[in-house]
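Per-entry structural report
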Amino acid sequence: MTKKIASHHARHTRTVSERVPACVLCRTVGGTVLWRDSDCRVVLIRDADYPGYCRVIWNTHVKEMTDLPPLRRAHCMRVVFAVESAVREVFTPDKVNLAAFGNMAPHLHWHIIPRFMQDAHFPNPVWGARRDTGALATLPRPPAKWRTMLARTLSRLL
Ligand SMILES: [Zn+2]
């Protein structure tokens, strides 16, 4: 009897396809990994205009936040907020931008971007045209060893 129930269960356990070959975030880690667990990873994006630009990328190919069960959703946001806290601690930005689009890569990921009033796009999103001003010259410099600081802060918060 027990066996029958077990096999009934097995038949109804959906096998979720975890990787989509055409998806860049399934094929690659998507940056320099600062922290990871079995659900997601925090990566650093190489962007000359935005040191400290991080992404939280879900490890499996999930499209929307609401595709995740509530506890996984909460975990994802806990990691996003830890990155926000770490970015604030290390860079003291004027603002932190959080965004989730996934229009180009429909694989769940969050952008966490420290912003400064003198940066290349402020007050617009970083995806627009660069502004043409001399403000960049007065952009605060990130602290020395900021990559190490970010990774350490994240490990402490997570
Ligand atoms: Zn994917």
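Report on the accompanying structure. (Residues numbered from 1 in each chain as written. Predicted model: local features only at pLDDT ≥ 70, side-chain atom pairs only at ≥ 80, totals over all residues.)

A few points about the overall build of the protein chain
Counting secondary structure elements, the protein chain contains four helices and five strands. Helices and strands in the protein chain line up, N terminus first, as α-α-β-β-β-α-β-β-α. Scored against the burial criterion, the 158 residues of the protein chain give a buried share of 26%. When contacts within the protein chain are restricted to residue pairs at least 6 apart in sequence, those whose partners lie at least 24 apart make up 51%. (Helix = DSSP H or I, 4+ residues; strand = E, 2+ residues; numbered from the N terminus. Buried ≥ 20, exposed ≤ 12 C-beta atoms within 10 Å, placed from the backbone. Contact = placed C-beta atoms within 7 Å.)

A word on helix α3 (residues 70-91)
Taking 1.5 Å as the rise per residue, α3 with 22 residues should run 32 Å; its terminal C-alpha atoms sit 31 Å apart, in good agreement. By the burial criterion, the buried members of α3 are Cys76, Val79, Val80, Ala82, Val83, Glu84, Ala86, Val87, Val90 and Phe91. Where α3 is buried, its residues contact β2 (40-44), β3 (54-58), β4 (95-99), β5 (109-115) and α4 (146-157). Downstream of α3 by one or two residues, threonine 92 has phi in the positive range, about 45°. (Expected span 1.5 Å × (residues − 1).)

Looking at the sheet that holds strand β1 (residues 32-36)
The strand order across the open sheet formed by five strands is β1-β2-β3-β5-β4, and the pairing between neighbours is antiparallel. Since the sheet does not close on itself, it has two edges, and those belong to β1 and β4, each with one partner. Across the sheet, the axes of successive neighbouring strands diverge by a mean angle of 20°, strand direction being ignored. Relative to β5, β4 runs antiparallel, the two being bridged by five bridges. Following the sheet pairing, valine 96 is matched in β5 by proline 114. Here α4 sits on the sheet in contact with β1 and β2, set at roughly 20° to β1. (Pairing = 2+ DSSP bridges. Axes fitted to C-alpha atoms, helices over the stretch in contact; angles between N-to-C directions.)

Observations regarding α4
A rise of 1.5 Å per residue sets the reference length of α4, with its twelve residues, at 16 Å; its end C-alpha atoms lie 16 Å apart and thus fit the reference within 8%. By the burial criterion, the buried members of α4 are Leu150, Thr153 and Leu154. Here the buried residues of α4 occupy an arc of 100° about the axis, which is enough to place them on one side. Opposite its buried face, α4 presents the exposed residues Thr148, Ser155 and Arg156, each directed more than 90 degrees away. Where α4 is buried, its residues contact β1, β2 and α3. (Arc of directions from axis to C-beta.)

Here's the deal with the environment of arginine 73
By the element assignment, arginine 73 lies in helix α3. Beyond its immediate stretch of four places on either side in the chain, arginine 73 contacts Met65 and Leu68.

Shape is all these values report; function is a separate question.
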